[in-house]
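If you want the building blocks of each chain, they are given just below.
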Amino acid sequence: MNATSMNSTSMTTTSLTTASLTTTSLDGTTTTELSRLTGETSDRPGDLRLVASQIRFEQRAFWRNRSRAFFSVGFPLVFLVVFNAINGSHRISELGGISYATWFVPGILAYGLIMATFMNIAVSTAIARDTGILKRIRGTALPPWVFLAGRIGSTLVTAAVLVGVTLALGVGAYGVTIPTSTLPGLVLTIVVGTICFTSLGLAITCVIPNADAAPAVVNLLVLPLTFISGIWMVLSGAPVWLDATAKVFPVRALAHGLQHAFDPATTGIGVEWGGIAVLTAWALGGLVVCLRWFRWEPKR
Amino acid sequence: MTAAIEVSHLSKSYGSSIAVSDISFSVAVGEVFCLLGPNGAGKTTTTEILEGYRQRSGGRVSVLGFDPATGGRAFRERIGIVLQECGVQDDLTVAEVIDMYASYAPRRMRTDDVVELVELDAKVTDRVRHLSGGQRRRLDVALAVVGLPEVIFLDEPTTGFDPAARRHSWAMIRSLCELGTTVLLTTHFMDEAQALADRIAVIAGGEVVAEGTPEGLGGRDRAQTTIAATIPRGTAPLPAFGALPTAIEQSSDGEEQLLLHCPAADTTSVLHQLTGWALDSGVELGSLSVTRPTLEDVYLALTQDRPDTRSIPTTNEGQEALR
C-alpha cells in the first residue's frame, strides 16, 4: 500500500463487500441490524460539481438563519425605506436637481452590497473558524479551494438577490429609472465591487481575532468610510483631505461608480475607470492576504 | 503490509516547549488502538499529526502508506476524523449535513444506514442546532464514517457523556470495528480504553510509558495477587502459606488485618491453603477479598511521577497556518 498507487484519478473500481453490522447493547440484545451495508460507489466527485453543491448547501444554510439573512440583506433595505421617507420629496440642487431617490438608491445599493458580501462572509467565516467548522472541513477530502469557492459563490448569489430587490424597490416604489446607455458602467461596477468586497471579507478574517469581535471590526471599518464616501449625504462641502482619503478606499469607488451610472447627466457608457482600478487593486490585495494568512483554526 | 498506522520516534515542539518527545507505536489493520493519558500528555498532538493537521518536528509517521503531512486529498478520502468539540453547519438538517460530507468522498454509505448506525434515524429532518450534546457527538461520528474510511480517529469521543450514553457509544464504536475499520482512540478514561481497545499505549509527558493489551498493560497479568481478610485478635501464629511472608496489621474492633501477596499463578493454591487452615482452626475470615491491580492502579503508577505542568498547547500555537 503506498501513496502512488492511490494517485490515479480513476477510483471507480472500489468495491465494497457486504458486511453485517450489529450493534449489541450490554444485556446482549441486538438493537440495530444493518444487514445490507453496501457502499454506493462512484467516481471521485468532480470539482465543479462539488463547488455547485457547496453553493447550494451554503445558500440553504444562509436563508434559513433569519437573523443572518436580515442583517446582510434586510438591513440596507430598511435604510432605503427610512431615508426615502424622510427625504423623498427633495431634489438635489448640487447635482443638477435630480430626485433624491435617483441619488440615494445607488448609494444604498453600494452599502447593501458591502453588507451582503464583506460583512456577511467576514462574520460567518470568523464564526465557522471559531466553532471548528473550518477545521472539520480541512480534515475531509474536500479541497480547501472548493470550500472557499462555495462560500464565495454563495455570497455572489446573495449579492445578486440584494441587487435585484434594491433595484426593484427603487424603480417600483421611488420612481428611479434604470439607466440604459450607462448600463455597462452599472453592471461592471456591481460585478467588480462585489468581487472586491467578497475578497476583502475573507481577507479581514485573517485579522479578526475571534467571532465575537467580527461584527465590531467590520462596522468600525465600514461605517466611517460610508460617511466620508457620500452614501448618506451629499458631500459638497467636505474638506479636500477628507475627500482625498475617501478616494483611496473601495467604499467610495463603489458608491461613486453606481451613482455615476444612475446620474442622468452622465454621458458615454458610464464607467468610472478610476474607481474600477481602485476596486480591482483592493480585490487583488485581499486575495494576496488570503493566500498568505488565511487560518483554518482559531487562535488560542 | 499489515500496519495501518506506523509511528517511529515522533517528536513535536512548539518553540521551546516540547509536546511530544519520542513516541513510537504501530497499529495493525482492523485494530482498535488507544492512546491513554492525562490531559496535556501529548495525545491530541500525536493524533493531529497523524490526521495531517500538524507538522511533526522529527521522526517518521505513516498512515495507510501516506505521510499525513503531504497526503492531501487521496489520503483524506481514506480516513475519518472525530475531533474534540467541533462545530458543524447548525442551520442544515441531520440528513443534509450527512449528504454534504458524503459528497466529498468517492464512496459512501447510504444516509439511511448511517443514521441507523448512530441512532439518529428519528432526527434526520431536525436542524443540527436542535440536537442535544450526545446527539451532536453521534452526528460527529456519522460524518466521520459516511465516506467509509479505512482508518478512523476518535479524539475523546465520550467526554461529557452520562454513563448510559457512553456505553451506547462504545457499542457503536465496536460495530465500526466489525467492518474492519482501524480505529485510533484517545481517551483519559481507563474504563473506555479497557472496554474498546485491543491494545493501549499509555502516554505521559510526551512519551509512551507503557504499551500492551488491557489485560497485560504494565505487567498487570503477571503482578502479584493480594489476598486480604480479617481474623480475630490473638489468633495463633499462622503457617507460612506456600512459603509466603504473611503480614498482620493491627486493626480496630479486636480484629487483625491479614494480608497475603502471592504470584498470580499461585492464587488458587494459596487461597485453598488459607481457607483450609481457617476451617481446621475454626477461625472466621472476615471481609475476605482477592484482588489484582486494576488498570487504574497500573495507569496511576505509570503516570503519577510525570511532570505534567509544562505548558503544552493543544491547538495551533506557533501559528501553523494550514493551507
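Because the structure is a prediction, the values reported are computed rather than measured.

1. Some points on the overall build of chain A
- Along the backbone of chain A there are ten helices and five strands.
- Per-residue burial for chain A yields a buried fraction of 50% across its 300 residues.
- Within chain A, counting contacts between residues at least 6 apart in sequence, those at least 24 apart form 77% of the total.
- Accessible area for chain A stands at about 13,600 Å²; split by element, carbon and sulfur atoms hold 66% of it.

2. What to know about the overall build of chain B
- In terms of regular secondary structure, chain B is built from nine helices and 14 strands.
- Counting all 323 residues of chain B, 54% fall into the buried class.
- A separation of at least 24 residues holds for 69% of the contacts in chain B among residues at least 6 apart in sequence.
- Summed over its atoms, the accessible surface of chain B is roughly 13,200 Å², and 49% of this surface lies on carbon and sulfur atoms.

3. Observations concerning helix α9 (residues 250–262) of chain A
Residues and elements named next belong to chain A.
- The end-to-end C-alpha distance of α9, which contains 13 residues, comes to 19 Å, matching closely the 18 Å that a straight helix rising 1.5 Å per residue would cover.
- Of all 13 residues in α9, eleven are buried; the element is thus mostly enclosed.
- Among all positions of α9, only Pro250, Val251, Arg252, Ala253, Leu254, Ala255, Gly257, Leu258, Gln259, Ala261 and Phe262 are buried.
- Buried-residue contacts for α9 involve α3 (100–131), α5 (144–174), α6 (183–204), α7 (214–228), α8 (240–248) and α10 (273–293).

4. A short note on the nonpolar core
- Counting 67 residues, the largest nonpolar core has Ile137 of chain A together with Leu36, Ile98, Tyr101, Leu139 and Ile200 of chain B as the members making the most contacts within it.
- Among the nonpolar cores identified, the runner-up in size contains 57 residues, and Trp103, Ile114, Trp232 and Ala255 of chain A belong to it.

5. Focus on unusual backbone geometry
- In the Ramachandran plot, Glu119 of chain B falls in the positive-phi region, its phi being about 55 degrees despite a non-glycine side chain.
- According to the relative accessible area criterion, Glu119 of chain B is partly exposed, its value standing at 27%.

6. Here we look at the packing of α3 of chain A against α7 of chain A
Residues and elements named next belong to chain A.
- As a packed pair, α3 and α7 sit with axes 9 Å apart at the nearest point and diverge in direction by 160 degrees. Between α3 and α7, the crossing angle belongs to the class labelled roughly antiparallel. Pair α3 / α7 crosses with right-handed handedness. Residue-level inspection shows Tyr111, Ile114, Met115, Phe118, Met119, Ala122, Val123 and Ala126 of α3 in contact with α7, the latter providing Ala214, Pro215, Val218, Leu221, Val222 and Thr226.
- Across the contact of α3 with α7, the residue classes tally to 13 nonpolar, one polar and no charged.

7. Focus on empty space enclosed by the protein
- Under the defined criterion, the tally for this structure stands at five cavities of 30 Å³ or more.
- Put simply, the largest cavity is a space of about 210 Å³.
- Lining of the largest cavity is provided by 19 residues; of these, Thr140 of chain A together with Ile79, Gly80, Leu143 and Ala144 of chain B occupy positions nearest its centre.
- Elements supplying a minimum of two residues to the lining of the largest cavity: β5 (79–82) and α5 (133–145) of chain B.
- When its residues are assigned to classes, the lining of the largest cavity shows twelve nonpolar, four polar and three charged.

8. Here we look at the pattern of salt bridges
- The full count for this structure, using the stated rule, is 26 salt bridges over all chains.
- Between Glu297 of chain A and Lys135 of chain A there is a salt bridge, with the nearest N and O atoms lying 3.9 Å from each other. With Glu297 of chain A in the segment after α10 and Lys135 of chain A in helix α4 (residues 133–138), this residue pair connects regions lying 162 residues apart in the sequence.
- The class of Lys135 of chain A is buried, set by a relative accessible area of 11%.
- Ionic pairing is found between Arg166 of chain B and Asp191 of chain B, a salt bridge with its closest N-O pair at 3.1 Å.

9. Quick notes on helix α1 (residues 47–64) of chain A
- Across its 18 residues, α1 of chain A extends 26 Å between first and last C-alpha, which sits within 8% of the 26 Å expected from 1.5 Å per residue.
- Those residues of α1 of chain A that sit buried are Leu50, Val51, Ser53, Gln54, Phe57, Glu58, Gln59, Ala61 and Phe62 of chain A.
- Close packing links the buried residues of α1 of chain A with α2 (66–87), α3 and α5 of chain A together with α2 (72–76) and α3 (94–102) of chain B.

10. Some words on the confidence of the model for chain A
- When the pLDDT values of chain A are averaged, the result is 86; 86% of them are 70 or greater.
- The low-confidence segment residues 1–40 of chain A (pLDDT under 50) makes 78 contacts with residues lying over four places distant or belonging to another chain.

11. Some details on the packing of aromatic side chains
- Applying the stated rule across the entire model yields 23 aromatic pairs over all chains.
- Ring pairs connect the aromatic residues Phe70, Phe71, Phe75, Phe79, Phe83, Tyr100, Trp103, Phe104, Tyr111, Phe227 and Trp232 of chain A, which therefore count as one cluster.
- The ring centre of Tyr14 of chain B lies 5.0 Å from the NZ or CZ of Lys12 of chain B, which sits over that ring.
- Taking the ring centre of Phe189 of chain B as reference, the NZ or CZ of Arg166 of chain B above it sits at 4.3 Å.

12. Some words on the confidence of the model for chain B
Residues and elements named next belong to chain B.
- Scored by pLDDT, chain B comes out at a mean of 85, with 90% of its residues at no less than 70.
- Scored below 50 in pLDDT, residues 308–323 shows 44 contacts in the model against residues more than four places distant or in partner chains.
- The complex prediction reports pTM at 0.82, with the ipTM value standing at 0.81.

13. Details of the environment of Thr166 of chain A
- Structurally, Thr166 of chain A can be placed in helix α5.
- Through-space distance from the C-alpha of Thr166 of chain A to that of Pro106 of chain A is 8.9 Å; in sequence the pair is 60 residues apart.

14. Comments concerning the state of the cysteines
- Counted according to the given criterion, the structure contains zero disulfides over all chains.
- Left without a disulfide partner, Cys86 of chain B is nearest to the cysteine sulfur of Cys206 of chain A, which lies 20 Å away.
- Its relative accessible area of 13% is what places Cys86 of chain B among the buried residues.

15. Looking at the pairing of strand β8 (residues 182–187) of chain B
Residues and elements named next belong to chain B.
- For β8, a buried count of six out of six residues is recorded, marking the element as mostly surrounded by other parts of the structure.
- Judged by which residues are buried, β8 turns out to be covered on both faces: Thr182, Leu184 and Thr186 on one side and Val183, Leu185 and Thr187 on the other are all buried.
- Direction of pairing for strand β3 (residues 32–36) relative to β8: parallel, over a ladder of five bridges. Looking across to β8, one finds that Cys34 is bridged to Leu185.
- Examined bridge by bridge, strand β7 (residues 151–155) and β8 share five bridges and lie parallel to one another. Its bridge partner being in β8, Ile152 is matched across the sheet by Val183.
- In this view, the connection linking β7 to its parallel neighbour β8 by way of helix α6 (residues 163–177) has right-handed handedness.

Parameters at a glance
- Residues numbered from 1 in each chain as written.
- Chains lettered and ligands numbered in written order.
- Predicted model: local features only at pLDDT ≥ 70, side-chain atom pairs only at ≥ 80, totals over all residues.
- Heavy atoms only, no water.
- Helix = DSSP H or I, 4+ residues; strand = E, 2+ residues; numbered from the N terminus.
- Buried < 20%, exposed > 50% of the residue type's maximum accessible area, 1.4 Å probe, protein only.
- Contact = heavy atoms within 4.5 Å.
- Areas by Shrake-Rupley, 256 points an atom, 1.4 Å probe, with all protein chains shown as cover.
- Expected span 1.5 Å × (residues − 1).
- Core = buried A, V, L, I, M, F, W, Y, C linked by side-chain atoms within 4.5 Å.
- Axes fitted to C-alpha atoms, helices over the stretch in contact; angles between N-to-C directions.
- Parallel < 35°, antiparallel > 145°, perpendicular 65-115°, else oblique.
- Left-handed = near helix turned anticlockwise from the far one by under 90°.
- Nonpolar A, V, L, I, M, F, W, Y, C, P; charged D, E, K, R; others polar.
- 1 Å grid on protein atoms, 1.4 Å probe; cavity = no way out; pocket = protein on both sides within 12 Å on 5 of 7 lines; lining within 4 Å.
- Points joined across faces, edges and corners; volume = space filled by probe spheres on them.
- Salt bridge = Lys/Arg side-chain N within 4 Å of Asp/Glu carboxyl O.
- pLDDT = per-residue confidence, 0-100.
- Phe/Tyr/Trp six-rings, centres within 6.5 Å; stacked < 30°, edge-to-face > 60°.
- Lys NZ or Arg CZ within 6 Å of the ring centre and 35° of its normal.
- Disulfide = S-S within 2.5 Å.
- Pairing = 2+ DSSP bridges.
- Right-handed = clockwise from strand over helix to strand, strands pointing away.

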